[in-house]
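Report on the structure
Below, each chain spelled out in residue letters.
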Amino acid sequence: SSGINAEYGGHLWRKLILRNVNTVEVWQRLGKRRGWIDHLYRSSDFGCDYFKELYPKIVQDLKMSNEMWRSGKPNLRKIDCASHDSKGVYCLQYDDEKIVSGLRDNTIKVWDLSSLKNTMTLTGHTGSVLCMQYDENIIITGSSDSSIRIWDVKTGEHIHMLIHHCDAVLHLRFQDGIMVSCSKDRTIAVWSMNENPQNIVMKHPLVGHRAAVNVVDFDDRYIVSASGDRTIKVWGTESCEFIRTLSGHTRGIACLQYHGNLVVSGSSDCTIKLWDVDVGAILRTLEGHEELVRCIRFDTHRIVSGAYDGKIKVWDLKAALDPRVPVKDICMRTISEHKGRVFRLQFDEFQIVSSSHDDTIVVFDFLSPHDYYSDIQPHLSPISECSSLELSDSNLHRQDSANSLDSIDDSS
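A brief structural summary. Please read these numbers as outputs of a predicted model, since none were measured by experiment.

Moving on: the sheet that holds strand S14 (residues 213-218). Taken in spatial order, the four strands line up as S14-S15-S16-S17 in an open sheet, and their pairing is antiparallel. The sheet is open, and its two edges are formed by S14 and strand S17 (242-247), each paired on a single side. Across this sheet, the average inter-strand angle for adjacent strands is 20°, counted without regard to direction. The pairing of S14 with strand S15 (residues 222-227) spans five bridges and is classified as antiparallel. Paired with Phe 218 across the two strands is Ile 223, which belongs to S15.

Right, here's the structure in full:
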């Protein structure tokens, strides 16, 4: 009976790990990074105690990763994107396999995330590539040449070109059959997309900003835009009607992210502001950067910002949303690795990937260097029957794009 109880216990520990993998993205990503996720598929090869021993190791690994974010020294990997023509990597996006970047030399370069080798270069734009986003089928890019181009993500083939804006395309986002682009021409364009990338049609222009529109973000409720005119504007996604203006920055706004009811913005006034999008109220102002805040991202735990002072700062989001927490306790750490202005960054639970005017892309890895799993051995008494494993798709494309260098502070 002890053998039966041990086998039953093995089932329970495996089911607990499996439930977390299927419901908590950080568990799924850790399993892929560490390799134990494959063991859930081949559970019959592992003994009764394996999953019981594995569970606390995972918890310990996650705890140490959080400590690495606060005070550990991340492992650095760097891509030198040096070009003879110009300097600067303006935008990037990455997934589990690749980094796609837009450069000042008019090209889009694709890099293997593991080897950091250049695997593909896309040419066609006649100006700097300022913004981009890709999914499993296409890459869409915007340029200072005023065009938007669509490419096949697998082959790099140029598929289509859209001409609407009459000045540089500074930012774009697409999802769920809608694309939104914005420009130095002070306008926003809402596009209708379908499965055929050659049939992207301009649906509605949004006009109201008094300077270049540097960044847009949207969901099924709101389109949120920010401009060199120092304001954030909120529009209805379906109706395309203007809803409200968010005012508070004292200089032009360079970047923002919008999710749920939260907007986080960065400005030439060197501050970061957190806003309630539904009422337009400022929830918190963060100070610490010494120059223009150029890029900003947040998840459920952290805000990560990059600025023209060359620094990347990591902030505690929950602390920032708690008015009882002093401002001095919100910034978790400052990273000074880039030798030039930080143009773009994205991050996940274990890494930050950033690009700069210094012509580099840097991967900061916060996964603990300690191997917590080496002392767990598969035991000879296997679990004989295990239920099938269904994993949700973890190859999430972190949708992001660059903001313009132009007209960030251009109030009239």
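Turning next to helix H4 (residues 50-70). With 21 residues, H4 extends 31 Å between its outermost C-alpha atoms, agreeing within 8% with the 30 Å of an ideal straight helix rising 1.5 Å per residue. Turning to H4, its buried residues are Tyr 50, Phe 51, Leu 54, Lys 57, Ile 58, Asp 61, Leu 62, Ser 65, Met 68 and Trp 69. Buried positions in H4, seen along its axis, are confined to an arc of 145° and lie on one side of it.

As a further point, take the layout of surface pockets. In this structure, the second largest pocket encloses a volume near 290 Å³. Lining the second largest pocket we find 16 residues, and of these Arg 33, Asp 95, Asp 96, Leu 113 and Gln 351 sit closest to its centre. Listing elements by their share of the lining of the second largest pocket, those giving two or more residues are helix H2 (25-34) and strand S28 (360-365). For the lining of the second largest pocket, the element with the highest residue contribution is H2, accounting for three residues. Classifying every residue of the lining of the second largest pocket gives four nonpolar, two polar and 10 charged.

On inspection of all chains with the given rule, the structure shows 14 salt bridges. The partner of Asp 365 in a salt bridge is Arg 33, with the nearest N and O atoms 2.4 Å apart. A residue pair is termed long-range when its members are at least 10 positions apart, and Asp 365 in strand S28 and Arg 33 in helix H2 qualify at 332 residues. Across the pair Lys 98 and Asp 95 runs a salt bridge, and its minimum N-O distance is 2.7 Å. Take Lys 98 and Asp 95: they sit in the same class, and that class is buried. Within the structure, one salt-bridge network assembled from shared partners comprises Glu 25, Arg 29, Asp 96 and Glu 349.

Looking at the secondary structure, you find His 289 in the loop between strand S21 (281-287) and strand S22 (293-298). When its relative accessible area of 6% is taken as the criterion, His 289 is described as buried. As a C-alpha pair, His 289 and Ile 312 span 23 residues in sequence and 8.7 Å in three-dimensional space. At 3.2 Å, the side chain of His 289 and the side chain of Asp 309 are in polar contact.

A separate point is the pairing of strand S19 (residues 262-267). Burial of S19 is extensive: six of the six residues sit out of reach of the surface. Here S19 shows a buried face lined by Leu 262, Val 264 and Gly 266 and a second buried face lined by Val 263, Ser 265 and Ser 267. Where strand S18 (residues 253-259) and S19 come together, six bridges link them in antiparallel fashion. Across the sheet, the residue bridging to His 259 is Leu 262, located in S19. Counted between consecutive antiparallel strands, the loop separating S18 from S19 contains two residues, among which Gly 260 sits at a positive phi close to 65°. Bridge analysis of S19 against strand S20 (residues 271-276) gives five bridges, and the strand direction is antiparallel. The residue bridging Val 263 from the neighbouring strand is Trp 275, located in S20. Linkage of S19 to S20, two consecutive antiparallel strands, is achieved through a turn of three residues, within which Cys 270 is found at a positive phi near 75°.

Taken in spatial order, the four strands of this open sheet run S6-S7-S8-S9, and their pairing is antiparallel. Two strands in the sheet have a free side with no partner beyond their single neighbour: strand S6 (129-134) and strand S9 (158-163). Looking at each pair of strands side by side, their axes are set apart by 20° on average, direction ignored. Alignment of S6 against strand S7 (residues 138-143), held across five bridges, turns out to be antiparallel. Bridge pairing in S7 links Val 129 to Ser 143.

Two elements in contact, H2 and H4, have axes whose closest approach is 11 Å; the angle formed by their N-to-C orientations is 100°. One way to sum up the angle between H2 and H4 is to call them roughly perpendicular. Contacts between H2 and H4 involve Val 26, Trp 27, Leu 30 and Arg 34 on the former and, on the latter, Tyr 55, Ile 58, Val 59, Asp 61 and Leu 62. Across the contact of H2 with H4, the residue classes break down as seven nonpolar, no polar and two charged.

Turning our eyes to something else, we now look at the packing of aromatic side chains. This structure, assessed with the given rule, holds nine aromatic pairs. Relative to Tyr 55, the ring of Trp 27 has its centre 5.6 Å away and its plane inclined at 35°; by these criteria the two rings are tilted. In this pair, Trp 27 is assigned in helix H2 and Tyr 55 in helix H4, connecting sequence segments 28 residues apart. Residue classification places Trp 27 among the buried positions, given a relative accessible area of 8%. With a centroid separation of 6.3 Å and 40° between ring planes, the pair formed by Tyr 222 and Tyr 258 is classed as tilted. Taken together, the residues span a long stretch of sequence, with Tyr 222 in strand S15 and Tyr 258 in strand S18 at a distance of 36 residues. Grouping residues by exposure puts Tyr 222 and Tyr 258 together as buried. Put simply, the rings of Trp 13, Trp 27 and Tyr 55 pair up and form one aromatic cluster. Lying across the ring of Tyr 308, Arg 341 places its NZ or CZ 4.1 Å from the centre.

What counts and how
- Residues numbered from 1 in each chain as written.
- Predicted model: local features only at pLDDT ≥ 70, side-chain atom pairs only at ≥ 80, totals over all residues.
- Heavy atoms only, no water.
- Pairing = 2+ DSSP bridges.
- Helix = DSSP H or I, 4+ residues; strand = E, 2+ residues; numbered from the N terminus.
- Axes fitted to C-alpha atoms, helices over the stretch in contact; angles between N-to-C directions.
- Expected span 1.5 Å × (residues − 1).
- Buried < 20%, exposed > 50% of the residue type's maximum accessible area, 1.4 Å probe, protein only.
- Arc of directions from axis to C-beta.
- 1 Å grid on protein atoms, 1.4 Å probe; cavity = no way out; pocket = protein on both sides within 12 Å on 5 of 7 lines; lining within 4 Å.
- Points joined across faces, edges and corners; volume = space filled by probe spheres on them.
- Nonpolar A, V, L, I, M, F, W, Y, C, P; charged D, E, K, R; others polar.
- Salt bridge = Lys/Arg side-chain N within 4 Å of Asp/Glu carboxyl O.
- Polar contact = N/O pair within 3.5 Å; in protein donor to acceptor, adjacent residues only side chain to side chain.
- Parallel < 35°, antiparallel > 145°, perpendicular 65-115°, else oblique.
- Contact = heavy atoms within 4.5 Å.
- Phe/Tyr/Trp six-rings, centres within 6.5 Å; stacked < 30°, edge-to-face > 60°.
- Lys NZ or Arg CZ within 6 Å of the ring centre and 35° of its normal.

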